[in-house]
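# Chain and residue survey
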Amino acid sequence: MPNLKDLKNRIESVKSTRKITKAMQMVAAAKLRRAQEAAEAGRPYAERFNAVLGGLAASSGGDSAPKLLSGTGSDQVHMLVVMTAERGLCGGFNSSIAKMARAKAEELIASGKTVKILTVGKKGREQLKRDFEDQMVDHVDLSGVRNVGYDNAQGIANDLIHRFNEGEFDVATIFYNKFESVISQIPTAQQVIPASFDAPAEGAEEVSTVYDYEPSEEGILATLLPSGVATQVFTALLENGASEQGARMSAMDNATRNAGDMIDKLTIQFNRSRQAVITNELIEIISGAEAL
Amino acid sequence: MADTMQFDLVSPERSLASLQATAVQLPGADGDLTAMPNHAPTITTLRPGIVRVESPEGNAEFAVTGGFAEVTATGTSVLAERALPTSEVTQDILDGFVSDAAAASENATAENLDELAKRTVDIAAMASELGLSVKG
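Below you will find a few notes about this structure. Quick caveat, the model's predicted, so the values are computed rather than measured. (Residues numbered from 1 in each chain as written. Chains lettered and ligands numbered in written order. Predicted model: local features only at pLDDT ≥ 70, side-chain atom pairs only at ≥ 80, totals over all residues.)

## A word on the overall build of chain B
Rules: Helix and strand definitions follow DSSP, with helices as H or I runs of at least four residues and strands as E runs of at least two, each counted in order from the N terminus. Burial in this document is a count-based property: other C-beta atoms within 10 Å of a residue's C-beta are tallied, and the residue is buried at 20 or more, exposed at 12 or fewer, or partly exposed in between, with C-beta positions derived from the backbone.
Helices and strands together make up the secondary structure of chain B, namely two helices and 10 strands. Its helices and strands taken in sequence order, chain B reads β-β-β-β-β-β-β-β-β-β-α-α from the N to the C terminus. Counting the 136 residues in chain B, one finds 38% classified as buried.

## Some details on the overall build of chain A
Rules: For the radius of gyration, the atom set is restricted to C-alpha positions; the globular benchmark scales as 2.2 Å times the number of residues to the power 0.38. We call two residues in contact whenever the C-beta atoms placed from their backbones are within 7 Å.
A tally of helices and strands in chain A yields six helices and six strands. Its C-alpha atoms give chain A a radius of gyration of 28 Å, more than 25% over the compact-globule value 19 Å for 292 residues. Dimensions of chain A along its principal axes, counting C-alpha atoms only, are 110 × 40 × 35 Å. Sorting the 292 residues of chain A into buried and exposed places 33% on the buried side. Expressed as a percentage of contacts within chain A between residues at least 6 apart in sequence, the contacts between residues at least 24 apart total 79%.

## Looking at the nonpolar core
Put simply, the test is: We call a set of buried Ala, Val, Leu, Ile, Met, Phe, Trp, Tyr and Cys residues a nonpolar core when their C-beta atoms link them within 7 Å. Where each domain begins and ends follows an automated or database-derived domain assignment.
V81, V82, M83 and V233 of chain A are the most contacted members of the largest nonpolar core, which totals 93 residues. No other element matches the 16 residues that helix α6 (residues 217–291) of chain A contributes to this core. In this structure, this core is formed jointly by two domains, domain 1 (5–86) and domain 2 (89–129) of chain B, each of which donates at least three residues. Setting aside residues up to four positions removed in sequence, V233 of chain A forms contacts with A153, I156, A157 and I174 of chain A.

## Side note on the pairing of strand β3 (residues 136–140) of chain A
Residue and element names in this part refer to chain A. Formally: Here, a strand pair is defined by DSSP locating no fewer than two bridges between the strands. Handedness is read with the strands pointing away from the viewer; a crossover is right-handed when the path from the first strand over the helix to the second is clockwise.
Here strand β2 (residues 114–120) pairs with β3 via four bridges, running parallel. Residue pairing in the sheet places L118 in a bridge with D138 of β3. With helix α4 (residues 122–132) bridging β2 and its parallel neighbour β3, the resulting β-α-β unit is right-handed.

So this is what it looks like as C-alpha coordinates:
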(Lines give C-alpha, C1' and ligand atoms only; values in the text may rest on other atoms or scores of the structure.)
Protein backbone atom coordinates (compact mmCIF):
# COMPACT_ATOMS: atom_id res chain seq x y z
CA MET A 1 0.00 0.00 0.00
CA PRO A 2 1.58 3.30 -1.05
CA ASN A 3 1.63 5.84 1.71
CA LEU A 4 -0.36 9.05 1.67
CA LYS A 5 2.45 11.30 0.56
CA ASP A 6 3.27 9.14 -2.45
CA LEU A 7 -0.35 9.12 -3.52
CA LYS A 8 -0.58 12.86 -3.17
CA ASN A 9 2.51 13.38 -5.30
CA ARG A 10 1.16 10.99 -7.88
CA ILE A 11 -2.13 12.89 -8.10
CA GLU A 12 -0.30 16.20 -8.48
CA SER A 13 1.85 14.79 -11.25
CA VAL A 14 -1.13 13.41 -13.18
CA LYS A 15 -2.87 16.74 -12.73
CA SER A 16 -0.02 18.63 -14.31
CA THR A 17 0.13 16.11 -17.13
CA ARG A 18 -3.54 16.74 -17.71
CA LYS A 19 -2.90 20.45 -17.88
CA ILE A 20 -0.26 19.91 -20.51
CA THR A 21 -2.36 17.61 -22.66
CA LYS A 22 -5.31 19.96 -22.35
CA ALA A 23 -3.16 22.87 -23.50
CA MET A 24 -1.78 20.84 -26.39
CA GLN A 25 -5.28 19.92 -27.41
CA MET A 26 -6.35 23.54 -27.50
CA VAL A 27 -3.27 24.59 -29.42
CA ALA A 28 -3.89 21.79 -31.91
CA ALA A 29 -7.51 22.89 -32.29
CA ALA A 30 -6.43 26.42 -33.12
CA LYS A 31 -3.78 25.22 -35.52
CA LEU A 32 -6.20 22.79 -37.08
CA ARG A 33 -8.53 25.60 -38.03
CA ARG A 34 -5.71 27.43 -39.75
CA ALA A 35 -4.43 24.29 -41.47
CA GLN A 36 -7.91 23.45 -42.66
CA GLU A 37 -8.36 26.93 -44.06
CA ALA A 38 -5.06 26.64 -45.88
CA ALA A 39 -6.05 23.26 -47.28
CA GLU A 40 -9.37 24.63 -48.46
CA ALA A 41 -7.76 27.73 -49.98
CA GLY A 42 -5.43 25.52 -51.97
CA ARG A 43 -8.12 23.23 -53.27
CA PRO A 44 -9.51 25.33 -56.17
CA TYR A 45 -6.05 25.71 -57.67
CA ALA A 46 -5.27 22.03 -57.44
CA GLU A 47 -8.63 21.02 -58.87
CA ARG A 48 -8.43 23.32 -61.87
CA PHE A 49 -4.82 22.50 -62.42
CA ASN A 50 -5.46 18.78 -62.49
CA ALA A 51 -8.47 19.24 -64.75
CA VAL A 52 -6.48 21.20 -67.32
CA LEU A 53 -3.42 19.00 -67.05
CA GLY A 54 -5.54 15.87 -67.23
CA GLY A 55 -7.19 17.11 -70.41
CA LEU A 56 -3.85 17.98 -71.93
CA ALA A 57 -2.30 14.69 -70.95
CA ALA A 58 -5.18 12.72 -72.38
CA SER A 59 -4.98 14.49 -75.73
CA SER A 60 -1.23 14.34 -76.12
CA GLY A 61 -0.38 10.80 -75.17
CA GLY A 62 1.98 8.88 -77.35
CA ASP A 63 5.71 8.59 -77.82
CA SER A 64 6.40 12.28 -78.05
CA ALA A 65 5.00 12.94 -74.58
CA PRO A 66 7.49 14.23 -72.02
CA LYS A 67 9.06 11.64 -69.75
CA LEU A 68 7.37 13.11 -66.70
CA LEU A 69 4.09 11.99 -68.21
CA SER A 70 4.94 8.78 -70.02
CA GLY A 71 7.61 7.51 -67.63
CA THR A 72 10.98 6.05 -68.50
CA GLY A 73 9.45 2.87 -69.85
CA SER A 74 10.56 0.82 -66.87
CA ASP A 75 9.49 0.56 -63.28
CA GLN A 76 12.62 -0.91 -61.77
CA VAL A 77 13.56 1.85 -59.36
CA HIS A 78 10.90 3.24 -57.08
CA MET A 79 11.19 6.44 -55.11
CA LEU A 80 8.99 6.59 -52.05
CA VAL A 81 8.45 10.07 -50.68
CA VAL A 82 7.27 9.62 -47.12
CA MET A 83 5.69 12.72 -45.65
CA THR A 84 5.20 12.81 -41.91
CA ALA A 85 5.15 15.35 -39.12
CA GLU A 86 8.12 16.90 -37.40
CA ARG A 87 6.69 16.16 -33.98
CA GLY A 88 5.18 13.25 -32.18
CA LEU A 89 2.33 13.08 -29.70
CA CYS A 90 -0.26 12.93 -32.42
CA GLY A 91 -1.67 9.46 -32.03
CA GLY A 92 -1.18 7.07 -34.90
CA PHE A 93 -0.55 9.82 -37.41
CA ASN A 94 3.11 9.16 -38.12
CA SER A 95 2.95 5.43 -37.59
CA SER A 96 0.13 4.93 -40.06
CA ILE A 97 2.10 6.59 -42.84
CA ALA A 98 5.30 4.78 -41.92
CA LYS A 99 3.44 1.50 -41.79
CA MET A 100 1.97 2.00 -45.22
CA ALA A 101 5.32 3.04 -46.68
CA ARG A 102 7.04 0.08 -45.04
CA ALA A 103 4.50 -2.36 -46.45
CA LYS A 104 4.91 -0.88 -49.91
CA ALA A 105 8.70 -0.93 -49.69
CA GLU A 106 8.74 -4.54 -48.56
CA GLU A 107 6.37 -5.53 -51.32
CA LEU A 108 8.55 -3.83 -53.93
CA ILE A 109 11.76 -5.32 -52.58
CA ALA A 110 10.15 -8.77 -52.52
CA SER A 111 9.30 -8.43 -56.20
CA GLY A 112 12.89 -7.56 -57.02
CA LYS A 113 12.56 -3.81 -57.46
CA THR A 114 14.97 -1.25 -56.14
CA VAL A 115 13.55 1.08 -53.54
CA LYS A 116 14.75 4.53 -52.60
CA ILE A 117 13.23 6.52 -49.81
CA LEU A 118 13.07 10.26 -49.38
CA THR A 119 11.59 11.44 -46.13
CA VAL A 120 9.89 14.72 -45.39
CA GLY A 121 9.50 15.26 -41.69
CA LYS A 122 11.62 13.89 -38.90
CA LYS A 123 9.25 11.29 -37.48
CA GLY A 124 8.94 9.20 -40.61
CA ARG A 125 12.69 9.15 -40.94
CA GLU A 126 13.11 7.89 -37.40
CA GLN A 127 10.60 5.12 -37.91
CA LEU A 128 11.90 3.91 -41.24
CA LYS A 129 15.57 4.26 -40.45
CA ARG A 130 15.79 0.99 -38.59
CA ASP A 131 14.60 -1.13 -41.50
CA PHE A 132 15.62 0.87 -44.52
CA GLU A 133 18.80 2.69 -43.55
CA ASP A 134 20.48 1.81 -46.86
CA GLN A 135 17.55 2.90 -49.00
CA MET A 136 17.35 6.38 -47.53
CA VAL A 137 18.54 8.87 -50.11
CA ASP A 138 17.62 12.20 -48.62
CA HIS A 139 15.66 13.97 -45.98
CA VAL A 140 13.77 17.25 -46.15
CA ASP A 141 13.62 19.08 -42.87
CA LEU A 142 10.60 21.31 -42.42
CA SER A 143 11.00 21.82 -38.69
CA GLY A 144 11.95 25.47 -39.16
CA VAL A 145 8.90 26.17 -41.30
CA ARG A 146 5.93 27.61 -39.47
CA ASN A 147 3.41 27.69 -42.27
CA VAL A 148 4.03 25.40 -45.17
CA GLY A 149 4.08 27.44 -48.37
CA TYR A 150 4.08 26.62 -52.03
CA ASP A 151 7.82 27.36 -52.03
CA ASN A 152 8.46 24.36 -49.78
CA ALA A 153 6.48 22.13 -52.09
CA GLN A 154 8.28 23.52 -55.10
CA GLY A 155 11.61 22.81 -53.47
CA ILE A 156 10.70 19.16 -52.90
CA ALA A 157 9.23 18.86 -56.39
CA ASN A 158 12.29 20.40 -58.05
CA ASP A 159 14.54 18.03 -56.17
CA LEU A 160 12.41 15.09 -57.30
CA ILE A 161 12.35 16.22 -60.92
CA HIS A 162 16.08 16.81 -60.87
CA ARG A 163 16.67 13.28 -59.59
CA PHE A 164 14.25 11.91 -62.14
CA ASN A 165 16.06 13.65 -64.98
CA GLU A 166 19.36 12.27 -63.70
CA GLY A 167 17.83 8.82 -64.03
CA GLU A 168 17.89 8.07 -60.32
CA PHE A 169 14.45 6.47 -60.33
CA ASP A 170 11.56 5.50 -62.61
CA VAL A 171 8.49 5.89 -60.45
CA ALA A 172 7.83 8.26 -57.56
CA THR A 173 5.05 7.84 -55.06
CA ILE A 174 4.17 10.18 -52.23
CA PHE A 175 2.76 8.97 -48.93
CA TYR A 176 0.66 11.28 -46.79
CA ASN A 177 -2.45 11.37 -44.66
CA LYS A 178 -5.56 12.65 -46.31
CA PHE A 179 -7.67 14.73 -43.97
CA GLU A 180 -11.19 13.37 -43.65
CA SER A 181 -12.20 14.67 -40.25
CA VAL A 182 -10.70 15.24 -36.84
CA ILE A 183 -11.03 11.60 -35.96
CA SER A 184 -10.27 10.10 -39.33
CA GLN A 185 -7.17 10.56 -41.46
CA ILE A 186 -6.59 8.24 -44.33
CA PRO A 187 -3.03 7.22 -45.23
CA THR A 188 -2.76 7.70 -48.95
CA ALA A 189 -0.22 6.71 -51.57
CA GLN A 190 -0.21 8.75 -54.73
CA GLN A 191 1.97 8.30 -57.76
CA VAL A 192 3.35 11.63 -58.95
CA ILE A 193 5.95 10.59 -61.51
CA PRO A 194 4.98 9.53 -64.13
CA ALA A 195 1.96 11.75 -63.67
CA SER A 196 -1.32 10.02 -63.07
CA PHE A 197 -4.68 11.70 -63.19
CA ASP A 198 -8.11 10.84 -62.04
CA ALA A 199 -10.27 10.15 -65.04
CA PRO A 200 -12.43 13.18 -65.79
CA ALA A 201 -15.96 12.83 -64.53
CA GLU A 202 -18.51 11.47 -66.98
CA GLY A 203 -20.06 14.14 -69.12
CA ALA A 204 -17.64 16.83 -67.98
CA GLU A 205 -17.93 19.86 -70.22
CA GLU A 206 -14.17 20.10 -70.77
CA VAL A 207 -14.20 16.96 -72.83
CA SER A 208 -16.04 18.52 -75.74
CA THR A 209 -14.13 21.81 -75.75
CA VAL A 210 -11.30 22.10 -78.21
CA TYR A 211 -8.70 24.52 -76.95
CA ASP A 212 -6.21 26.65 -78.79
CA TYR A 213 -2.83 26.22 -77.21
CA GLU A 214 -0.30 28.93 -76.95
CA PRO A 215 2.67 28.50 -77.45
CA SER A 216 1.99 24.83 -78.31
CA GLU A 217 0.41 21.85 -76.72
CA GLU A 218 3.78 20.22 -76.06
CA GLY A 219 5.26 23.46 -74.83
CA ILE A 220 2.50 23.96 -72.32
CA LEU A 221 2.64 20.38 -71.19
CA ALA A 222 6.39 20.63 -70.66
CA THR A 223 5.96 23.72 -68.47
CA LEU A 224 2.95 22.46 -66.61
CA LEU A 225 4.12 18.98 -65.69
CA PRO A 226 6.82 20.14 -63.24
CA SER A 227 4.30 22.51 -61.65
CA GLY A 228 1.86 19.61 -61.55
CA VAL A 229 4.30 17.66 -59.38
CA ALA A 230 4.72 20.70 -57.14
CA THR A 231 0.97 21.14 -56.88
CA GLN A 232 0.47 17.53 -55.87
CA VAL A 233 3.22 17.76 -53.30
CA PHE A 234 1.75 21.00 -52.00
CA THR A 235 -1.72 19.50 -51.69
CA ALA A 236 -0.22 16.55 -49.84
CA LEU A 237 1.66 18.85 -47.47
CA LEU A 238 -1.49 20.82 -46.70
CA GLU A 239 -3.59 17.71 -46.17
CA ASN A 240 -0.85 16.34 -43.96
CA GLY A 241 -0.73 19.55 -41.95
CA ALA A 242 -4.45 19.45 -41.27
CA SER A 243 -4.34 15.72 -40.54
CA GLU A 244 -1.48 16.14 -38.09
CA GLN A 245 -3.33 18.74 -36.06
CA GLY A 246 -6.55 16.75 -36.20
CA ALA A 247 -4.80 13.61 -35.03
CA ARG A 248 -3.01 15.48 -32.29
CA MET A 249 -6.22 17.07 -31.15
CA SER A 250 -8.05 13.79 -30.76
CA ALA A 251 -5.01 12.07 -29.24
CA MET A 252 -4.66 14.84 -26.67
CA ASP A 253 -8.38 14.79 -26.00
CA ASN A 254 -8.09 11.11 -25.16
CA ALA A 255 -5.04 11.73 -23.03
CA THR A 256 -6.84 14.47 -21.10
CA ARG A 257 -9.77 12.18 -20.47
CA ASN A 258 -7.53 9.32 -19.37
CA ALA A 259 -5.71 11.63 -17.00
CA GLY A 260 -9.07 12.65 -15.52
CA ASP A 261 -10.03 9.00 -14.96
CA MET A 262 -6.66 8.35 -13.42
CA ILE A 263 -7.04 11.30 -11.06
CA ASP A 264 -10.47 10.07 -9.95
CA LYS A 265 -9.10 6.62 -9.28
CA LEU A 266 -6.10 7.91 -7.38
CA THR A 267 -8.25 10.31 -5.35
CA ILE A 268 -10.50 7.46 -4.20
CA GLN A 269 -7.46 5.43 -3.28
CA PHE A 270 -6.03 8.42 -1.43
CA ASN A 271 -9.24 8.99 0.52
CA ARG A 272 -9.47 5.30 1.44
CA SER A 273 -5.93 5.26 2.77
CA ARG A 274 -6.57 8.43 4.73
CA GLN A 275 -9.68 6.89 6.24
CA ALA A 276 -7.72 3.79 7.13
CA VAL A 277 -5.05 5.89 8.83
CA ILE A 278 -7.65 7.83 10.84
CA THR A 279 -9.46 4.64 11.87
CA ASN A 280 -6.19 3.16 12.97
CA GLU A 281 -5.37 6.18 15.05
CA LEU A 282 -8.83 6.14 16.66
CA ILE A 283 -8.49 2.48 17.55
CA GLU A 284 -5.13 3.17 19.12
CA ILE A 285 -6.54 6.06 21.21
CA ILE A 286 -9.62 4.10 22.30
CA SER A 287 -7.70 0.98 23.23
CA GLY A 288 -5.19 3.19 25.06
CA ALA A 289 -8.02 4.83 27.01
CA GLU A 290 -9.60 1.43 27.81
CA ALA A 291 -6.31 0.11 29.12
CA LEU A 292 -6.16 2.82 31.77
CA MET B 1 -24.35 38.20 -76.17
CA ALA B 2 -23.23 38.19 -72.63
CA ASP B 3 -21.18 41.24 -71.86
CA THR B 4 -19.43 39.84 -68.83
CA MET B 5 -17.70 36.60 -68.02
CA GLN B 6 -16.51 34.85 -64.90
CA PHE B 7 -12.94 35.71 -63.96
CA ASP B 8 -11.01 33.67 -61.41
CA LEU B 9 -7.50 34.26 -60.24
CA VAL B 10 -6.10 31.55 -58.01
CA SER B 11 -2.65 30.84 -56.68
CA PRO B 12 -1.71 27.61 -54.91
CA GLU B 13 -2.10 29.28 -51.55
CA ARG B 14 -5.28 31.24 -51.97
CA SER B 15 -7.96 32.47 -54.31
CA LEU B 16 -7.35 36.13 -55.10
CA ALA B 17 -10.28 37.09 -57.23
CA SER B 18 -13.54 35.69 -58.46
CA LEU B 19 -15.73 38.23 -60.20
CA GLN B 20 -17.61 39.18 -63.35
CA ALA B 21 -15.33 40.89 -65.83
CA THR B 22 -15.77 42.50 -69.22
CA ALA B 23 -12.19 42.05 -70.34
CA VAL B 24 -9.00 40.52 -69.01
CA GLN B 25 -5.58 41.41 -70.30
CA LEU B 26 -3.11 38.56 -69.87
CA PRO B 27 0.67 38.48 -70.21
CA GLY B 28 0.85 35.39 -72.41
CA ALA B 29 4.18 33.66 -72.93
CA ASP B 30 4.05 34.54 -76.63
CA GLY B 31 2.68 38.03 -76.14
CA ASP B 32 -0.11 39.86 -74.41
CA LEU B 33 -3.67 38.99 -75.18
CA THR B 34 -7.00 40.28 -74.03
CA ALA B 35 -9.78 37.85 -73.31
CA MET B 36 -13.35 39.05 -73.65
CA PRO B 37 -16.63 37.17 -73.41
CA ASN B 38 -17.06 34.60 -76.20
CA HIS B 39 -13.35 34.31 -76.77
CA ALA B 40 -12.30 31.09 -78.45
CA PRO B 41 -11.24 28.45 -75.91
CA THR B 42 -7.54 28.92 -75.31
CA ILE B 43 -4.94 27.71 -72.87
CA THR B 44 -1.80 29.75 -72.65
CA THR B 45 1.19 29.86 -70.36
CA LEU B 46 2.02 33.18 -68.75
CA ARG B 47 5.24 35.09 -68.38
CA PRO B 48 5.89 37.32 -65.37
CA GLY B 49 3.73 40.36 -65.88
CA ILE B 50 0.54 42.10 -64.98
CA VAL B 51 -3.01 40.82 -65.34
CA ARG B 52 -5.47 43.67 -65.88
CA VAL B 53 -9.12 43.06 -65.23
CA GLU B 54 -11.89 45.35 -66.39
CA SER B 55 -15.21 44.84 -64.73
CA PRO B 56 -18.39 46.85 -64.24
CA GLU B 57 -17.32 47.48 -60.65
CA GLY B 58 -13.97 48.88 -61.64
CA ASN B 59 -10.58 47.75 -62.77
CA ALA B 60 -8.07 45.65 -60.92
CA GLU B 61 -4.46 44.74 -61.54
CA PHE B 62 -2.50 41.75 -60.34
CA ALA B 63 1.16 40.92 -60.65
CA VAL B 64 1.84 37.29 -61.52
CA THR B 65 5.14 35.45 -61.85
CA GLY B 66 4.01 32.80 -64.27
CA GLY B 67 1.51 30.02 -64.48
CA PHE B 68 -1.19 29.58 -67.06
CA ALA B 69 -4.59 30.84 -68.07
CA GLU B 70 -7.59 28.99 -69.38
CA VAL B 71 -9.92 31.07 -71.51
CA THR B 72 -13.35 29.86 -72.54
CA ALA B 73 -16.37 31.64 -73.99
CA THR B 74 -17.89 32.08 -70.56
CA GLY B 75 -14.93 32.60 -68.31
CA THR B 76 -11.24 33.11 -67.76
CA SER B 77 -9.26 31.35 -65.08
CA VAL B 78 -5.74 32.35 -64.25
CA LEU B 79 -3.73 29.81 -62.31
CA ALA B 80 -0.70 31.74 -61.20
CA GLU B 81 2.38 30.39 -59.47
CA ARG B 82 2.46 33.49 -57.36
CA ALA B 83 0.08 36.38 -57.62
CA LEU B 84 -0.76 39.48 -55.68
CA PRO B 85 -2.54 42.78 -56.27
CA THR B 86 -0.14 45.30 -57.79
CA SER B 87 -0.79 47.66 -54.89
CA GLU B 88 0.81 45.09 -52.59
CA VAL B 89 3.98 44.69 -54.62
CA THR B 90 6.81 46.33 -52.75
CA GLN B 91 10.47 46.62 -53.55
CA ASP B 92 11.18 43.75 -51.14
CA ILE B 93 8.78 41.41 -52.87
CA LEU B 94 10.17 42.39 -56.23
CA ASP B 95 13.69 41.75 -55.03
CA GLY B 96 12.48 38.33 -53.92
CA PHE B 97 11.21 37.59 -57.44
CA VAL B 98 14.49 38.74 -58.92
CA SER B 99 16.64 36.69 -56.61
CA ASP B 100 14.49 33.61 -57.25
CA ALA B 101 14.91 34.07 -60.97
CA ALA B 102 18.64 34.62 -60.53
CA ALA B 103 18.97 31.51 -58.40
CA ALA B 104 17.13 29.51 -61.04
CA SER B 105 19.43 30.87 -63.76
CA GLU B 106 22.49 29.74 -61.88
CA ASN B 107 21.66 26.06 -62.11
CA ALA B 108 20.19 26.39 -65.55
CA THR B 109 20.89 23.80 -68.19
CA ALA B 110 21.69 24.74 -71.75
CA GLU B 111 18.09 24.08 -72.75
CA ASN B 112 16.34 26.40 -70.39
CA LEU B 113 18.99 29.10 -70.15
CA ASP B 114 17.20 31.27 -72.70
CA GLU B 115 13.92 30.77 -70.95
CA LEU B 116 15.33 31.80 -67.59
CA ALA B 117 17.11 34.79 -69.04
CA LYS B 118 13.81 35.85 -70.57
CA ARG B 119 12.19 35.43 -67.20
CA THR B 120 14.61 37.85 -65.59
CA VAL B 121 13.98 40.39 -68.33
CA ASP B 122 10.22 39.95 -67.98
CA ILE B 123 10.42 40.65 -64.28
CA ALA B 124 12.41 43.80 -64.95
CA ALA B 125 9.78 44.89 -67.48
CA MET B 126 7.04 44.25 -64.98
CA ALA B 127 8.95 46.25 -62.40
CA SER B 128 9.23 49.28 -64.62
CA GLU B 129 5.51 49.11 -65.36
CA LEU B 130 4.90 49.24 -61.64
CA GLY B 131 7.23 52.18 -61.20
CA LEU B 132 9.80 50.13 -59.31
CA SER B 133 13.26 49.30 -60.43
CA VAL B 134 15.39 46.19 -60.30
CA LYS B 135 18.71 46.56 -58.56
CA GLY B 136 21.98 45.55 -60.17
